[in-house]
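Structural description and commentary
Chain by chain, the residues:
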Amino acid sequence: MFSKILIANRGEIAVRIIKTCRRMGIKTVQVYSEADAGSLAVEMADEAVLIGPAPAAQSYLLADKIVEAVRQTGAQAVHPGFGFLSENAGFARRLRDEGIAFIGPNPEAIEAMGDKISSKKLAAEAGVSTVPGHMGLIETPEEAVKIANQIGYPIMIKASAGGGGKGIRVAHSDADMAEGFAAVKAEALNAFGDDRVFLEKFIIDPRHIEIQVLGDKHGHVVHLFERECSIQRRNQKVIEEAPSPLLDEATRAAMGAQAVALAQAVNYDSAGTVEFVAGQDKSFYFLEMNTRLQVEHPVTELITGVDLVEQMIRSAWGEALAFEQKDLSINGWAIESRIYAEDPYRGFLPSIGRLVRYEQPEEGDQGDYTVRNDSGVREGDEISMFYDPMIAKLCAWGETREDAVTGMARALEDTHLSGLGHNVPFLAAVMDQDRFKSGNLSTSYIKDEFPDGFNGLRPAVEQERILIASALAMHEVIAEQDGDPSDRTDWIVMIDKTPHGVGLSYDEDEEMILTLTGGGDIRLSDIDWRPGLAQFKAELDGEAFTAEVKRVADGFDIRHRAARARVRVLRPHVAELYARLPEKAVADTSKLVLSPMPGLVVSIPVVVGQEVKTGETVAIIEAMKMQNILKAERDGVVKAVGAKDGDPVAADDVLVEFG
């Protein structure tokens, strides 16, 4: 077995690989950019090698730097993780030529599956079900329109070398096709240096289901069942689960058999994933093959007990698989939520900065569910604008899907982040939705359920009780600490502007009894909170909960899952006065163009005195490898420009002001 492995990646996947290597007694070398010098992966690895500046093109994407680090440290193999060089056939071939093991599939398999046009042809030859479409090269929009009419709308226009949600459009008409074809060709050329485009039938209300495969260098291939990845935003996966609530045993077996057949057709010899688009009727069609470890691999590990990183290492060493298909089975259900540094309340814009607070849920067996949290950052770490904004992959396993959903919701409650925007409230909202609980999923789920964006959810009745009880308990703790305890038994608890009458008493065990006007009694026990803590933990009528809390001038800001409110504990006569207070006027920002996120100014193509028309570009901001184009929302004359090209800006910084 290898004695030393170099990890050509960063963040949570690097940490994940290090953990398996430690268990196997293998030493690790972590390469890092200047931005990652103080990272958790660098701290955990046995050795670390600086390979360049922060931009990936000057560090993690440079094969020469990786090979040099291997030679410098005496590593015998490279694990590429996912992203960066993980699916680069040239890199895998270079390592092979240098006598360095690549912990992934052979370069020929990567090459065969890396081109979406040729991979579909190979899939069809291997007997894999493929979506009706046109795999040949298409030169002009007119030709694309002609072919589209032969296939039938709606049609997906896709870049052959695409990935990461880039280079994809859906056309519903000839006009859509002509416009979309030109746009995808341009996007593909800019993003991948390859403007080849193909067309395929767009499946109405589709689901995204993928099969995990695993092969060795001796011709053995097995599948480890499926993952459902239908909860997506802008073609990026957000929530994944295994198994899929759609599939029955027959469909699962058929998909698995086709995935194995494709892997065998290209002599696949590592972990890989065959992705399918599936109809609600359980029809399924080959989408693409990812010749690497997937981000969402933990849910497969949780339901099968197989460590995929370990199996990749053993395959690269030359070991045969130690199990056959008949030895594998599904145990329970697992869900993964991708926690990102992005602000769901601001259109999911990237949110970079320092993790001022990061409290993680306790991992391991929690009774009815089990928690796993794959994270590459710690409290105090910086989330850089140069890389993917992922903070963690939070997983919950349960005996049933219901147990897994409940466990995930509780694990999200126990996750506290501050210092930057994050999507935990949004993830919690999905867990609480009846549609998600029913398993009625599709790739349009987020667009369907949140058509106007995410603004949180209104508190359910049970959540209102949590907000009331938490606020009243904190109010009592603070009063006791301040030496000003009250003997009042009647209070008005305001949730935003809605008053709730509450009677307060204590039983013989000093547990709080709250009598709600028109709502009966509730009991609050096992309170775990003191002033300064950001999480309030307790049991409400015997059910444990965690709320995120912040003390403010006239009460508390409290968030339970996706429900967030300003909560005030008031004497009845004070509550009457609050009802008479005038509304605070909202500041007029209509003449300002504000930065929607922290980032770097790419350009501000306007100058003071310039007349600007509605829809004209006034600024371009870059963050997290994405460029955000800001356009004028009104006609006007530029009065002031607040930044210049290359300047770092924070969220809500004024970029342009109109007169």
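In what follows, the accompanying structure is described.

1. Brief notes about the packing of aromatic side chains
If you walk through the whole model with that rule in mind, you get 13 aromatic pairs. Note on phenylalanine 426 and phenylalanine 454: the rings are 5.5 Å apart at their centroids and 90° apart in plane angle, and the pair reads as edge-to-face. Here phenylalanine 426 is found in helix α13 (residues 424-432), whereas its partner phenylalanine 454 is found in the loop between α15 (445-449) and α16 (461-481), with 28 residues between them in sequence. Per residue, the accessibility class of phenylalanine 426 equals that of phenylalanine 454, and both read buried. An aromatic cluster is defined as three or more aromatic residues linked by ring pairs; in this entry it consists of Tyr345, Phe348, Phe426, Phe450 and Phe454. Above the plane of the ring of phenylalanine 436 lies arginine 401, whose end atom (NZ or CZ) is 4.8 Å from the centre.

2. Some remarks on the sheet that holds strand β12 (residues 236-242)
As summarised here, the arrangement of the nine strands in space is β14-β13-β10-β11-β12-β15-β23-β21-β20, forming an open sheet in which the pairing is antiparallel. The sheet is open, and its two borders are formed by β14 (284-290) and β20 (364-365), each paired with just one other strand. Of the strands in this sheet, β10 (207-215), β11 (221-233), β12, β15 (333-340), β21 (370-375) and β23 (390-398) are in contact with helix α10 (residues 297-304), which crosses β15 at around 155°. The strands that α13 touches are β12 and β15; relative to β15, the one it contacts most, it runs at about 150°.

3. Notes on the packing of helix α3 (residues 63-73) against helix α4 (residues 89-97)
The geometry of α3 relative to α4 is characterised by a closest axis approach of 11 Å and an angle of 30° between their N-to-C directions. Relative to α4, the element α3 lies roughly parallel. For the pair α3 and α4, the sense of crossing is right-handed. Two secondary-structure elements touch here, α3 through Ala63, Asp64, Ile66 and Val67 and α4 through Phe91, Arg94 and Leu95. Here the residues of the contact of α3 with α4 are counted per class, giving five nonpolar, no polar and two charged.

4. A closer look at the side chain of threonine 415
Residue placement: threonine 415 occurs in the loop between α12 (401-413) and β24 (416-418). When its relative accessible area of 2% is taken as the criterion, threonine 415 is described as buried. Polar side-chain contacts of threonine 415 include one of 2.9 Å to the backbone oxygen of alanine 411. Aside from chain neighbours lying at most four places away, what touches threonine 415 is Ile339, Glu359, Pro361, Leu394, Val424, Gln535, Glu548 and Arg559.

5. Remarks on the pattern of salt bridges
Counting across every chain of the model gives 56 salt bridges. For glutamate 108, the salt bridge goes to arginine 93, with nearest N and O atoms at 3.8 Å. Remark: arginine 93 occurs in helix α4 and glutamate 108 occurs in helix α5 (residues 107-114); sequence separation between them is 15 residues. For arginine 93, a relative accessible area of 24% corresponds to the partly exposed category. Here glutamate 657 ties to lysine 639 by a salt bridge, and the two come within 3.7 Å at their closest N and O atoms. Of this pair, glutamate 657 sits in strand β40 (residues 654-658) while lysine 639 sits in strand β38 (residues 636-641), placing them 18 residues apart in sequence.

Parameters and conventions
- Residues numbered from 1 in each chain as written.
- Predicted model: local features only at pLDDT ≥ 70, side-chain atom pairs only at ≥ 80, totals over all residues.
- Heavy atoms only, no water.
- Phe/Tyr/Trp six-rings, centres within 6.5 Å; stacked < 30°, edge-to-face > 60°.
- Helix = DSSP H or I, 4+ residues; strand = E, 2+ residues; numbered from the N terminus.
- Buried < 20%, exposed > 50% of the residue type's maximum accessible area, 1.4 Å probe, protein only.
- Lys NZ or Arg CZ within 6 Å of the ring centre and 35° of its normal.
- Pairing = 2+ DSSP bridges.
- Contact = heavy atoms within 4.5 Å.
- Axes fitted to C-alpha atoms, helices over the stretch in contact; angles between N-to-C directions.
- Parallel < 35°, antiparallel > 145°, perpendicular 65-115°, else oblique.
- Left-handed = near helix turned anticlockwise from the far one by under 90°.
- Nonpolar A, V, L, I, M, F, W, Y, C, P; charged D, E, K, R; others polar.
- Polar contact = N/O pair within 3.5 Å; in protein donor to acceptor, adjacent residues only side chain to side chain.
- Salt bridge = Lys/Arg side-chain N within 4 Å of Asp/Glu carboxyl O.

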